[in-house]
Amino acid sequence: MPLPPAAGPGPESDPAGNDRMRAVAKYSGMAFQMLATIGLSAWAGTWLDGHYHTKTPWFTIGLMLAGVLVALYQVIRSLTNSA
């Protein structure tokens, strides 16, 4: 005996759902890009502080601030290009 068709819209008949999924993928990708940029800059700062045996973590602080600024620049550029 064949199964009855599933109720509700199929995957082909929901263009708003596809747009929503694209937006979710885009913004979550931007979040991971920010995380990677800030994380790599923090890692580089701690490595430099350890390599040069600094008493205060100036490399870590400076590179983390630079990473935050670069990440914000990337997000703003991405949002203004897609609008």
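Rules and cut-offs
- Residues numbered from 1 in each chain as written.
- Predicted model: local features only at pLDDT ≥ 70, side-chain atom pairs only at ≥ 80, totals over all residues.
- Heavy atoms only, no water.
- Phe/Tyr/Trp six-rings, centres within 6.5 Å; stacked < 30°, edge-to-face > 60°.
- Buried < 20%, exposed > 50% of the residue type's maximum accessible area, 1.4 Å probe, protein only.
- Helix = DSSP H or I, 4+ residues; strand = E, 2+ residues; numbered from the N terminus.
- Expected span 1.5 Å × (residues − 1).
- Contact = heavy atoms within 4.5 Å.

(A) Representation of the packing of aromatic side chains in the model. In total, this model carries 1 aromatic pair according to the counting rule given. Here Tyr52 and Phe59 contribute two aromatic rings whose centre-to-centre distance is 5.8 Å and whose plane-to-plane angle is 35°, an arrangement assigned as tilted. The class for Tyr52 is exposed, based on a relative accessible area of 51%.

(B) The arrangement of helix α1 (residues 15-51) in detail. Taking 1.5 Å per residue, 37 residues should reach 54 Å; α1 reaches 53 Å between its end C-alpha atoms and fits that length. Within α1, the full set of buried residues consists of Gly17, Met30, Thr37, Ser41, Ala42, Gly45 and Asp49. The inward-facing, buried residues of α1 abut α2 (58-82).

(C) Looking closely at α2. Helix length check: α2, at 25 residues, gives a terminal C-alpha distance of 36 Å against a target of 36 Å (1.5 Å per residue), a fit within 8%. Those residues of α2 lying buried are Thr60, Gly67, Ala71 and Val75. Where α2 is buried, its residues touch α1.

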